[in-house]
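Below are the chains, spelled out letter by letter.
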Amino acid sequence: MAQFNNIKGFVFDLDGVITDTSTFHSQAWHQVADKVGVKWDDDLADALKGISRMDSLNLILARDHKENEFSATEKEALAAEKNDNYLKLVSQMSPANILPGIQAFLDDLKAQGYLLSLASASKNSPLVLKHLGLGDFFTKSVDPASLKHGKPDPEIFRRGAEILNLDPAQCIGIEDAAAGVQSINGAGETSIGIGDPKVLAAADINFTDTAQLTLANIKQAMNAAALA
């Protein structure tokens, strides 16, 4: 883990870190699963967190060995249908949907001169940020369409550092999914996991919720790790 004083930038995931659209994703994917005749449950919903739209669809189809029952065109249509359902839900979002503590954290990071980028697998992240009123904080954002590999591959977080013109060792990545934490670690950044520390045991730092996400708490955790 890097030393706190060497950190210059923060690379954020979106869903589960800045806002919680997981219920919207689940509702939209549930509709698709029902349409293709795949049983929906909590395990399937959890498996879709943090991964791309097409990878999510393939996971749903693979649940009941249906991945070869649909052509590439049919899969694209199903993915587009999911996205349409999701966008209808996203259109109702507002700054009230920002997770606890995140607005104050972003304000503090900006005031302290840290660089910020977004590393979300969601192609809809600019729209979500617009509804949240946070677009000005994330003028640097990784384009998921430009990536060759999805999480847990480190490409997206490595790119998140590159667009800030920083070395990954100078960055902290923040995630709520195990695949995302693996991506951060693989990129060579310090990882913060938001959520169940057992699920996110690979993270360098764990916070159970976003309200704990402050520079003071991060500094304390990094200094403690350095002394351990």
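Here the structure is a predicted model, which is why all the values come from computation and not from measurement.

A. Molecular detail of the pairing of strand β4 (residues 190-194). In terms of residue burial, β4 counts as a mostly covered element, since 5 of its 5 residues are buried. Side-chain alternation along β4 places T190, I192 and I194 on one buried face and S191 and G193 on a second face that is also buried. Note that strand β3 (residues 171-175) and β4 share 4 bridges and pair parallel. Paired with E175 across the two strands is G193, which belongs to β4. Looking at chain direction, β4 and strand β5 (residues 205-207) are connected through 3 bridges and run parallel. Bridging across to β5, G193 finds its partner in N206.

B. Structural view of the nonpolar core. Counting 38 residues, the largest nonpolar core has F10, F12, I18, I174 and I218 as the members making the most contacts within it. Here this core gets 4 residues from one element, more than from any other, and that element is helix α5 (residues 102-111). Leave out the neighbours within four places in its chain, and I18 touches F12, D13, N97, I98, L99, I102, L118, L132, L134 and F138. Of all hydrophobic cores here, the second largest spans 14 residues; its members include W29, V38, W40 and L48.

C. Up close: the pattern of salt bridges. Taken as a whole and judged by the stated rule, the model has 7 salt bridges. For D13, the salt bridge is made with K151, and the minimal N-O distance between the two is 3.1 Å. In this pair, D13 sits in the loop between β1 (9-12) and α1 (22-36) while K151 sits in the loop between α6 (125-132) and α7 (155-162), placing the two residues 138 residues apart along the sequence. K151 carries the same exposure label as D13, and that label is buried. One salt bridge in this structure joins E81 and K35, with 2.7 Å as the shortest N-O distance. Here E81 is found in helix α4 (residues 72-90), whereas its partner K35 is found in helix α1, with 46 residues between them in sequence. By sharing partners, the salt bridges in this structure join D13, K151 and E175 into a single network.

D. Looking closely at unusual backbone geometry. For the bond running from K151 to P152, omega is 15 degrees, close enough to zero to count as cis. Here P152 is to be found in the loop between α6 and α7. Of note in this structure, H65 is not a glycine but carries a positive phi near 55 degrees. For H65, the location among the structural elements is in the loop between α3 (53-63) and α4. We classify H65 as exposed; its relative accessible area is 66%. Phi angles above zero are rare outside glycine, and N165 is one such case at about 60 degrees. Owing to a relative accessible area of 71%, N165 belongs among the exposed residues under this scheme.

Calculation rules
- Residues numbered from 1 in each chain as written.
- Predicted model: local features only at pLDDT ≥ 70, side-chain atom pairs only at ≥ 80, totals over all residues.
- Heavy atoms only, no water.
- Buried < 20%, exposed > 50% of the residue type's maximum accessible area, 1.4 Å probe, protein only.
- Helix = DSSP H or I, 4+ residues; strand = E, 2+ residues; numbered from the N terminus.
- Pairing = 2+ DSSP bridges.
- Core = buried A, V, L, I, M, F, W, Y, C linked by side-chain atoms within 4.5 Å.
- Contact = heavy atoms within 4.5 Å.
- Salt bridge = Lys/Arg side-chain N within 4 Å of Asp/Glu carboxyl O.

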